[in-house]
Amino acid sequence: MSNRRPYVAGVDSSTQSCKVVVYDPSRKRVVREGRAPHPEGTEVDPEAWWAAFLQAVELAGGLDDVAALSVGGQQHGMVCLDAHGDVVRPALLWNDTRSAGAARDLIRERGADSRDDAGSEGAAWWAEATGSVPVASLTVTKLRWLADNEPENAARIAAICLPHDYLTWRIMGSPSLQALVTDRSDASGTGYMAREDPVYRRDILASALRVDEASASSLVLPVIAGPWDEAGRGDPGKGWGEIVLGPGCGDNAGSALGVGLEPGSALLSLGTSGVVAAVSAAPVADPSGLVTGFSDATGNWLPLACTLNASRIIDAMARVTGLDYGEFDEAALSVPDAGGLELIPYFEGERTPNLPDATAELRGMTLANSDRAHVARAAVEGLLGLMRHALDAVRSLGVPLDRVVLVGGGAKSAAVRALAPQMLDAAVELPEPGEYVALGAAKQAARVLGA
C-alpha cells in the first residue's frame, strides 16, 4: 500500500443499518467508523442500502486513504434485477416469512413420501444437495414465492443476487450484470449452491422459478470468487479513487473472520437474529434442517444454526416490565431462578426450530412469580435456552463446541453474560465490543490487497 492509502475498509450492510469501519492492518486497529440506518420492514428497496452506504462512508471520514474494501452483508435477501440492471421489486429479506409455504412445497417436491417435515426424504435430498433444508429465510424459497405470487415480476428477472453482492456491484459503478460477484459464504445461503463445491445448481434454480433449465441457465448469477480473490475495482468517478474490492462475505462468515474463530469454538451472535456458527474442515448435511451447511470466508465450512429471535426478546420484555436495560439485568439477577415461569420466545415466528407462524407465550404464572424480577429472569432464560437448542443442534453433527465467543448487542446484557456459561454448557469468552462483521470484511480486504 502507498503511504497515501495506508488503510482498508470493511462494510456491514445489516438488516438495521450500514456500518463502515476504516482499519489499519499494520497496527491491527480501527481508526474511524460511521453508521447509517436502514428502513424497517422485511422488504426493502436496495437503493436504501446504497444511500445508507454513502452516508456511512461520509460519517466515517471518507475513503481517500483507503486502498481496499470488502462488503459483509445480511444473508439470503432476494435481489432481482432486470436486463437494464434495475431492481424488479423490493428485496425480500431473510426475516420475511411469507415464503414458509414455498419452503414446504420445495421439500415435498423432492420426496417420494410427499412429507414436508424434518427427516423426510425430501429434507434429506436438500441437505445432501445443498447443505441446507429449505426454510422461509433462504433465497430459493423467496424465488418460489415470487414465481407463484408475482409471475409478472419473475418473468422480468435477468439477474439474481444477494444484498452484499448488490452493494459491491454498486460500488463498482453498476457495470454490466456479468460483473456481479459474490463469495462462497453468501452463495451457500441461497439454497441453490452445491454443498461441497462452489457451483450453482441451475436445476434447483429452475425448479424454484418453475422454468426449464435452459431458461434458468440464461439468468445471470454472481461469479463465486475465491476467499482472497480481487472482485473488481471501485468506481473512480465517485471521488474515492479506484479502490480494490474483495469478494465480500455473508454476515456470519464476516463475524467469524472478525473474531478469528477456530475449530472447537462457536461464534454466538445475539443481534436481531441469534446465530451459532462453528468452523469446520468438512461440509455437513443435517436432514433435520436445524443446521445449515454454509461455507465460511476462508475456504472451510461454517455449520450454522440461526434463530429469528435474539436480542429483541430482551427488548420486548423490557418494554413489558417497564424497566430500562440496566434495571432489567438487575431484576433478572435478583432472583435465583424464574420460579417456574417460562417464556416461549417466538416473537417473530422461529427458524430454529422451524416454526414460522409461532408466537411468544409466558407460561406457568402464579402469584409468587408474577413480578418484574421473575419475568425478567424468564426472558433471559428463554433467550439462552433458545440458543442452547441451536448449539446442541450443531454439536449433534459431531462438531465439538467447548468454547463460545459471545458477541452482538445481546451480549451487552449483564444477566446474559452471567447466566450463559451454565445454560450453554460451555466456557464463554467476551471479546471487546466491536463491529465484527465489518471488521471481518476489513481483514478480508487487507488479505486481498496483500497487506
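What you see is a predicted model, and the numbers here were worked out from it, not measured in a lab.

Peer 1: Would you take a moment to explain the sheet that holds strand E20 (residues 403–407) for this structure?
Peer 2: Through backbone hydrogen bonds, the strands of a sheet pair up, either in parallel or in antiparallel fashion. Taken together, 6 strands build an open sheet; the order of strands is E16-E17-E15-E14-E20-E21 and the sheet is mixed. Edge strands, defined here as strands with exactly one partner in the open sheet, are strand E16 (292–295) and strand E21 (427–429). Ignoring strand direction, the axes of neighbouring strands in this sheet form an average angle of 30°. With 5 bridges joining them, strand E14 (residues 265–270) and E20 adopt parallel strand pairing. Bridging across to E20, Ala 266 finds its partner in Val 404. Across the sheet, helix H13 (residues 372–395) touches E14, strand E15 (274–278), strand E17 (301–307) and E20, and the angle it forms with E15 is around 25°.

Peer 1: So what exactly am I meant to see when it comes to the packing of aromatic side chains here?
Peer 2: Aromatic rings in a pair are described by how distant their centres are and how their planes are angled relative to each other. According to the stated counting rule, one finds 6 aromatic pairs in the structure shown. With 5.3 Å between their ring centres and 85° between their planes, Trp 125 and Trp 126 make a pair best called edge-to-face. When its relative accessible area of 26% is taken as the criterion, Trp 125 is described as partly exposed. An aromatic cluster is present here, built from Trp 49, Tyr 166 and Trp 169 joined pairwise through their rings. Its guanidinium or amino end placed over the ring of Trp 301, Arg 184 lies 5.3 Å from that ring's centre, counting from NZ or CZ.

Peer 1: Would you mind showing me how to read the environment of Thr 139 here?
Peer 2: Structurally, Thr 139 is set in helix H4 (residues 139–149). Its relative accessible area of 0% is what places Thr 139 among the buried residues. Distance from Thr 139 to Gly 189, taken between C-alpha atoms, is 7.4 Å for residues 50 residues apart in sequence. Non-local contacts of Thr 139, meaning those with residues more than four positions away in its chain, are made with His 76, Gly 77, Met 78, Leu 162, Gly 189, Thr 190 and Tyr 192. Only 2.8 Å separates the side chain of Thr 139 from the backbone oxygen of His 76, close enough to count as a polar contact.

Peer 1: Explain helix H2 (residues 100–108) here, please?
Peer 2: Side chains three or four residues apart in an α-helix point the same way, a direct result of the helix having 3.6 residues per turn. Burial in H2 covers these residues: Ala 100, Ala 102, Ala 103, Leu 106 and Ile 107. Mapping the buried residues of H2 onto a view down its axis gives an arc of 160°, with all of them on the same face.

Parameters at a glance
Residues numbered from 1 in each chain as written. Predicted model: local features only at pLDDT ≥ 70, side-chain atom pairs only at ≥ 80, totals over all residues. Heavy atoms only, no water. Pairing = 2+ DSSP bridges. Helix = DSSP H or I, 4+ residues; strand = E, 2+ residues; numbered from the N terminus. Axes fitted to C-alpha atoms, helices over the stretch in contact; angles between N-to-C directions. Contact = heavy atoms within 4.5 Å. Phe/Tyr/Trp six-rings, centres within 6.5 Å; stacked < 30°, edge-to-face > 60°. Buried < 20%, exposed > 50% of the residue type's maximum accessible area, 1.4 Å probe, protein only. Lys NZ or Arg CZ within 6 Å of the ring centre and 35° of its normal. Polar contact = N/O pair within 3.5 Å; in protein donor to acceptor, adjacent residues only side chain to side chain. Arc of directions from axis to C-beta.

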